[in-house]
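Structural characterization, general
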Amino acid sequence: MADPGADEPSSRSGSPAGEGQDSEDRSLLHQRLAIKELIDTEVSYLHMLRLCSSDIRSRLQQLPQGDLDVLFSNMDDIIKVNDRFLHDLQETASEEEEQVRLIGNLFLDFQEEFERVYKVYCASYDQALLLVEAYQKEPELQREIQDIIEAVVPQAGRSGLSFLLVIPLQRITKYPLLLQKILENTLPDASAYSVLQRATSALRDVNANINEYKMRKEVASKYNKVEQLTLRERLARINTHTLSKKTTRLSQLLKQEAGLIPRTEDKEFDDLEERFQWVSVCVTELKSNVAAYLDNLEAFLRFRPHDYDLDVPEGPVAHYRSLARDLQREAFLEFKQRLEGLVWQPLCSLAKALVGPQNLIKKRLDKLLDFERVEEKLLEAGSVTYEEEAARHTYQALNSLLVAELPQFNQLALQWLGQILCTFVALQRDLAKQVLQRAEGSMDQLPHRHLSEPAFNKLVEDTLGQASDQLRSFRENFEKVLPLPTTQPLLPGSERQVQALLSKYGPGKLYQVTSNVSGPGTLDLTLPRGQIVALLQNKDTKGNSSRWLVDTGGHRGYVPAGRLQLYRIIPSDQELRGQAGPRVDSPQPAPQRTSAPVPSLSAVPQVVAAYPFVARSHHEVSLQAGQPVTVLEAQDKKGNPEWSLVETRDKIESH
């Protein structure tokens, strides 16, 4: 007779409760296996990253440093983040019942850090692959790289660098899959289920954001390139499509300026752009000032008065010469080198770093016009073409990238600029300290060493003031004995115009143009060299004394004051002889009556040859540049004003 209890286990296993228990046990087992896979693969992944960052990178010294930075990007940052993540992940094993919930919370805690470090690496991955392809075209270099990788990571095989570089991308995309696997083997009513759901969704969002960031970077790199194209190359790029796009954008912009269509307002971006432009202006101004400072410093170093042999007895002068020579050869030279290396070069690098964002901001305006046009069409027609949709996405990508990164860029640029200024101040302070230390022995020889600092400053100010007065007095005396300025030759046929101006304004108001003047504004005159004008006012309406109001006899306008010199009428030889005394044998001509008084010059115009001229016939005279001649007639016998009858000092009359 069979034992009735023998069928009990089989009947229990076949019941619904028994099947549910088995399914729960299987889910729990799969859950544990998924957690074990997550931890084990994380350990292996982190070990591989360390091999790449330390062993392999240190052995690839034949590659340029710039290539290594692109290949391994921010792998060190990834190692730091994942090292902390692995430590906390292994810590969850101590609480087996709460491990699943703790893992979900751990991924939520590291969500932002994962996105921050992995998006940088993923964005530079394509550029790293281009380098790998370039290495493959050099068999010898490729063989060296392959040998190094196989020695450190044998499982890499023939894939080499490509196998290693793709590992971080594979890992960040695998996290949602591993979490999904744990979630599938977790009971829906478990407390950890909702946490795992949020963690899985969060890691999917991380991957989506990384892809979006990568796409933005690709768009930015496309428009961020600065190409030095010739005019011919630029013209070669113009085609019907380009002209159509630019015409459409211009039409869109004109409609906005006319108020026919609304303009898209983006206050957040406008504020960021305004701050960026302010930073750009600061950098440009500082760069210009530092360049001028370096030029002045270079001029200062070329002036070496201590090298001259002065006929001065020994004493303080000898101490000064020794100190000046020491400072010139060491202190000032070292200061100049440090200034170029610590201030000028970083400043140039900062100015260069601003070019990329400036190009993106300009390109954003073009894409914004495209975006607005497509939005109008979308509202009217309800659909757009694939190309128009791509234009919308391009603008959105550019705008999102600028809004996301301009704040950080502005902050870093300001910090960079502040460090440059602090360095400049520190260099000035070090120079002053070094000069004082070197001059400490010589300062005892100075006659005013016992004066207090305020008294010494007052003494210096008084001495400089006296020197300034002496220089001013010397300049005034020097100007009194300056030779008369060389008079430019009169323009052919301009005697009547000069006579009219002389009669109207007098000789003290007449000026001659020393070089050709091209008026940039509507009130500015364009005048040739040698033109005679009359001064009306020695400043413009804004009080600017560098622009003078003049009258040409036909037009009035402004001329740069530096292009004018006082016109001096040189008396003729006959007038000079007449001033010595009257000639007895020459009867005085009777005055002739005229219908109207015609003003005339009281002197025969004497001019200077501006260029050398070689006579081609006996009717012409050879002249040297700068040779003075007297103009007898301002035209030839046929009335041609391009030729003048002149007399040289040798009494040779010719054209």
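Residues numbered from 1 in each chain as written. Predicted model: local features only at pLDDT ≥ 70, side-chain atom pairs only at ≥ 80, totals over all residues. Heavy atoms only, no water.

1. Some details on the packing of helix α14 (residues 267-302) against helix α16 (residues 355-381)
One can describe the packing of α14 onto α16 by two numbers: an axis separation of 12 Å at closest approach and a directional angle of 140 degrees. In terms of orientation, α14 and α16 fall into the oblique class. The hand of the α14/α16 crossing is left-handed. Side by side, α14 and α16 meet where Phe269, Glu273, Phe276, Gln277 and Ser280 of the first sit next to Pro357, Gln358, Ile361 and Arg364 of the second. (Axes fitted to C-alpha atoms, helices over the stretch in contact; angles between N-to-C directions. Helix = DSSP H or I, 4+ residues; strand = E, 2+ residues; numbered from the N terminus. Parallel < 35°, antiparallel > 145°, perpendicular 65-115°, else oblique. Left-handed = near helix turned anticlockwise from the far one by under 90°. Contact = heavy atoms within 4.5 Å.)

2. Concerning the pattern of salt bridges
Oppositely charged side chains can form a pair if their charged atoms are brought close together. Summed over all chains, the structure comprises 22 salt bridges. The shortest N-O distance in the salt bridge between Asp469 and Arg472 comes to 2.9 Å. Of the two residues, Asp469 and Arg472 both sit in helix α19 (residues 453-480), 3 residues apart, roughly one turn of that helix. Relative accessible area serves as the criterion here: at 38%, Arg472 is assigned to the partly exposed category. One salt-bridge network, in which partners are shared between bridges, spans Glu37, Lys174 and Lys181. (Salt bridge = Lys/Arg side-chain N within 4 Å of Asp/Glu carboxyl O. Buried < 20%, exposed > 50% of the residue type's maximum accessible area, 1.4 Å probe, protein only.)

3. Things to note about the confidence of the model for the chain
With 80% of its residues at a pLDDT of at least 70, the chain reaches an overall mean of 80. Least confident of the elements in the chain is helix α1 (residues 8-14), whose mean pLDDT is 46; most confident is helix α4 (residues 75-91), at 93. Under a pLDDT of 50 for its full length, residues 579-603 has, in the predicted model, 14 contacts with residues more than four places off or in other chains. (pLDDT = per-residue confidence, 0-100.)

4. Focus: helix α7 (residues 125-136)
In this model α7 runs 17 Å from its N-terminal to its C-terminal C-alpha over 12 residues, within 8% of the 16 Å that 1.5 Å per residue would give. Summarising the contacts, the buried residues of α7 are in contact with α3 (65-72), α6 (111-123), α8 (139-152), α9 (161-165) and α10 (167-184). (Expected span 1.5 Å × (residues − 1).)

5. Some details on a negative patch on the surface
Together, Asp22, Glu24, Asp25 and Asp189 make up a region of like negative charge exposed at the surface. With respect to the helices and strands, Asp189 occurs in the loop between α10 and α11 (191-223). (Patch = residues over 30% accessible without salt bridge, like charges linked within 9 Å, V, L, I, M, F, W, Y side chains within 5 Å. Areas by Shrake-Rupley, 256 points an atom, 1.4 Å probe, with all protein chains shown as cover. Lys, Arg positive; Asp, Glu negative; His and termini not counted. Charge placed at Lys NZ, Arg CZ, Asp CG, Glu CD.)

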